[in-house]
Amino acid sequence: MIELQRIVLREIRLPLKEPFRISSGVVKERRICLLELFDADGTVAWSECVAGENPNYSAETIDTAWLAITEWLAPRLLAKPVAHPADLAALFDKGICGHNMAKAAVEMGCWDLAARQQGVSLSQMLGGTRDRVATGISIGIQANPAALAQRARAAFDQGYRKIKVKIEPGADVEYVRAVRQELGPPVHMMADANSAYTLADAAHLVQLDAFNLIMIEQPLSRDDLLRHAELQKRLATPICLDESITSVDRAEDMITLGSGRIINIKPGRVGGFTVSKAIHDLCQRSGIPVWCGGMLESGVGRAHNVALASLPNFSLPGDLSPSARYWERDVVTPEWTMDDEGMVRVPREEPGIGVTVDMGFVDSITVRRKELTR
Ligand code: OSB
Ligand code: MG
């Protein structure tokens, strides 16, 4: 039984070690909303809202999520007890359109809470089966192909099992060619366009077939399921959808229409773990591989992603880099690390997310705080 008494929202500022540039925008310093949830039985849980600083990846931002959580979502949850975190998606969707990242932040915090109440790890609570998950890196757009190839080489040598490079018009074919030449044929490589192209670019994108990519992520706009299907007919490389998949129905549409052959599941984008699990299960039944995407999360959001990625159909390496790839100092102990085989350990002995929030550090980087009570 989840009977929340209080939710504390904090906005922290966490500078990235280096700016992260994708086709739709650049981020130098993350503004991250953390949630601390207090149950009537004394259990305390944590989650992170993955909404960005600007509405470039999705319509949501940290500021819209802050509003949605404080005005609509938290009051609904604080008003009455909930039997199971799987009940929250329906509770939040009734009469509240969109705001998936805000909904997910609260919902995922309740999954951590329920896991702690039952004394099991979040991975176990979600049905995870692995004790290590394979890790890939997502490399932002660089100044030139040689700089990108050098970054890719360094990442591969560190152990990353999948090298994803961000592309956009003017920084695509030659960039991918340089990376493939540097790494050689067997390395798992992919490109992510973050919706930078249109169907008119199909002939141009077909050139990427030459580089044996395991997938091309989100070449077209989020709403372009039909056009993605058209593009997939012309591309040998599998399309993976990210921004487009915001619900189980969208995943089903992708499969029916042939808009893609792989899904990047980000629990924030789809409204939380219940929908993530449903998409995972649908894809498993349909022979569609999934992997866990990232949103430059702090160690709190990373814990939630790692737990999700331990489910059986997460068969491709996730965007789950260790703390040190993003931050000088992470907000959790222990920080997230990757071994030299490119694997991250799933905490399965500790209850809940399995890492401890460094309160002193969090306090020192908190720029706004709000307490919501019954
Ligand atoms: O498209 O997957 C994306 C980061 C911010 C917004 C969108 C994306 C990304 C990443 C980062 O690729 C992956 C990571 O967290 O390492
Ligand atoms: Mg993406």
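Every residue gets a number counted from 1 within its own chain, in the order that chain's sequence is written. Think of it this way: whatever chain is written first is A, whatever ligand is written first is 1, and the rest follow in order. Local features are withheld for residues below a pLDDT of 70 in this predicted model, meaning they are given only at 70 or higher, and side-chain atom pairs are given and counted only at 80 or more; totals for whole chains, interfaces and linings count all residues. The side-chain figures draw on all heavy atoms in the structure; neither hydrogens nor water molecules are used.

Visitor: So what's going on with the site of ligand 1? Residues and values would help.
Guide: Working definition: residue near molecule or strand if any one of its non-hydrogen atoms lies within 4 Å of it. In the vicinity of ligand 1, 15 residues are found, and the nearest of them are Ser138, Asn194, Lys266, Leu296 and Tyr326. Polar contacts, as used here, are pairs of N or O atoms within 3.5 Å; protein pairs need one atom able to donate a hydrogen and one able to accept it. Residues neighboring in sequence count only if both atoms are side-chain atoms. In the model, an oxygen atom of ligand 1 is placed 2.9 Å from a nitrogen or oxygen of the Lys166 side chain. Leu296 places a polar main-chain atom, nitrogen or oxygen, 2.9 Å from an oxygen atom of ligand 1. Computed with a 1.4 Å probe, the accessible areas rest on the Shrake-Rupley method; for each residue, only the protein chains presented here act as cover. Against a free-state accessible area of 390 Å², the protein chains account for coverage of 96% of ligand 1. Partitioned by chemical class, the residues of the shell around ligand 1 number five nonpolar, three polar and seven charged. Polarity classes work like this: nonpolar for Ala, Val, Leu, Ile, Met, Phe, Trp, Tyr, Cys and Pro, charged for Asp, Glu, Lys and Arg, and polar for all others, with Gly in that last group.

Visitor: Got a sec to walk through the coordination of the magnesium ion (ligand 2)? Specific residues and values, please.
Guide: Donor atoms (N, O, S) are those found within 2.8 Å of the metal centre, with the cutoff raised to 3.2 Å for Na, K and Ca; water is not part of the atom list, so apparent gaps in a site can occur. All of the protein donors around the magnesium ion (ligand 2) are Asp192 (OD), Glu217 (OE) and Asp242 (OD); their distances to the metal are 2.1 to 2.3 Å. The sequence pattern describing where the donors of the magnesium ion (ligand 2) fall on their chain is D-x24-E-x24-D. Of the two residues, Asp192 is situated in strand β7 (residues 189-192) and Asp242 in the loop between β9 (239-241) and α9 (248-257); the sequence distance between them amounts to 50 residues. Judged by relative accessible area, Asp242 falls into the buried class, the value being 0%. Helix and strand definitions follow DSSP, with helices as H or I runs of at least four residues and strands as E runs of at least two, each counted in order from the N terminus. Buried means the residue's accessible area, taken with a 1.4 Å probe over protein chains only, is under 20% of the maximum for its type, while exposed means over 50%, and partly exposed covers the values in between.

Visitor: Go over the side chain of Asn313, please, and point to the residues and values.
Guide: Position of Asn313 among the secondary structure elements: in the loop between α12 (299-309) and α13 (323-326). On the basis of relative accessibility, which here comes to 11%, the residue Asn313 falls in the buried class. One polar contact links the side chain of Asn313 to the main-chain carbonyl oxygen of Ile288, over a distance of 3.1 Å. Residues are treated as being in contact if the distance between any of their heavy atoms lies within 4.5 Å. When residues no more than four places from it in sequence are discounted, the contact partners of Asn313 are Arg130, His280, Cys283, Gln284, Ile288, Pro289 and Val290.

Visitor: Help me get a handle on helix α8 (residues 225-234), residues and values and all.
Guide: Every buried residue of α8 is accounted for by Leu225, His228, Ala229, Leu231 and Gln232. Seen along its axis, α8 keeps its buried residues to an arc of 165 degrees; they face one direction. Opposite its buried face, α8 presents the exposed residues Leu226 and Lys233, each directed more than 90 degrees away. Close packing links the buried residues of α8 with α7 (202-206), β9 and α9. By arc we mean the arc of the directions from the helix axis to the C-beta atoms, nothing more.

Visitor: Report on the sheet that holds strand β3 (residues 44-49), specifying residues and quantitative values.
Guide: A strand pair is defined by DSSP finding two or more bridges across the two strands. Taking strand neighbours across the sheet as the criterion, the four strands line up as β3-β2-β1-β15 in an open arrangement whose pairing is antiparallel. Of all the strands in the sheet, just β3 and β15 (366-373) have a single pairing partner and so form its edges. Geometrically, the sheet is characterised by an average inter-axis angle of 25 degrees between neighbouring strands, direction not taken into account. Note: strand β2 (residues 25-39) against β3, six bridges, orientation antiparallel. Lines fitted to the C-alpha atoms define the axes, with helices restricted to the stretch that makes contact. Angles between their N-to-C directions range from 0 to 180 degrees.

Visitor: A description of helix α1 (residues 62-79) should follow, citing residues and the corresponding values.
Guide: What a helix should span is 1.5 Å times the count of its residues minus one. Between its terminal C-alpha atoms α1 stretches 24 Å, which fits the 26 Å expected from 18 residues at 1.5 Å a residue. Approximately 45 degrees is the largest bend angle found in α1, and it occurs at Ile69. Taken together, the buried positions of α1 are Ile62, Ala65, Trp66, Ala68, Ile69, Thr70, Leu73, Ala74, Leu77 and Leu78. In this structure, the buried residues of α1 make contact with β1 (4-22), β2, β3, α2 (88-93), α3 (100-118) and β15. By definition, a residue's bend is the angle between the axes fitted to the seven residues ending there and the seven starting there.

Visitor: How would you summarise the sheet that holds strand β5 (residues 137-139) if you had to cite specific residues and measurements?
Guide: Sheet architecture is open: seven strands sit in the order β5-β6-β7-β8-β9-β10-β11, paired in parallel fashion. Strands with a single pairing partner mark the edges of an open sheet, and in this sheet they are β5 and β11 (290-292). Across the sheet, the axes of successive neighbouring strands diverge by a mean angle of 25 degrees, strand direction being ignored. Pairing of strand β10 (residues 262-265) with β11, which is carried by three bridges, proceeds in the parallel orientation. Following the sheet pairing, Ile265 is matched in β11 by Cys292. The strands touched by helix α5 (residues 145-158) are β5 and β6 (163-166); relative to β5, the strand with the most contacts, the crossing angle is about 165 degrees.

Visitor: So what's going on with the pairing of β3? Which residues, and what values?
Guide: Counting buried residues along β3, five of its six residues qualify, which places the element largely inside the surrounding structure. Connecting β2 to the next strand, β3, in antiparallel fashion are four residues, including Gly42 with a positive phi near 95 degrees.

Visitor: An account of the environment of His84 is requested, with residue identities and associated values reported.
Guide: The topology assignment puts His84 in the loop between α1 and α2. Taking the C-alpha atoms as reference points, His84 and Gln158, 74 residues apart in sequence, are found 40 Å from one another. In contact with His84, not counting residues within four places along its chain, are Ile2, Trp111 and Met125.

Visitor: Outline the nonpolar core, supporting the account with residue identities and numerical values.
Guide: Core analysis: the biggest nonpolar cluster contains 89 residues, and Ile163, Val176, Leu208, Ile263, Ile279 and Val331 have the highest contact counts within it. Per-element tally for this core: the top contributor is α12, with six residues. If we ignore the near neighbours within four places in the chain, the residues touching Ile263 are Cys240, Leu241, Ile245, Ala251, Met254, Arg269, Ile279, Cys283, Ile288, Pro289, Val290 and Trp291. Nonpolar core, defined: a set of buried Ala, Val, Leu, Ile, Met, Phe, Trp, Tyr and Cys residues in which side-chain atoms within 4.5 Å join the residues together. Judged by nonpolar contacts, the second largest core, of 34 residues, contains Ile62, Ile69, Leu73 and Leu88.

Visitor: If you had to explain the pattern of salt bridges to someone new, which residues and values would you point to?
Guide: Salt-bridge detection follows one rule: a side-chain nitrogen of Lys or Arg within 4 Å of a carboxyl oxygen of Asp or Glu. All told, the structure shown has 31 salt bridges when counted by the stated rule. Residue Arg6 pairs with Glu371 through a salt bridge whose shortest N-O separation is 3.2 Å. With a gap of 365 residues between them, Arg6 in strand β1 and Glu371 in strand β15 connect regions that are remote in the sequence. You can call Arg6 partly exposed: its relative accessible area is 26%. By relative accessible area, Glu371 is classed as partly exposed at 40%. Asp319 is the salt-bridge partner of Lys162, the closest N and O atoms lying 3.9 Å from each other.

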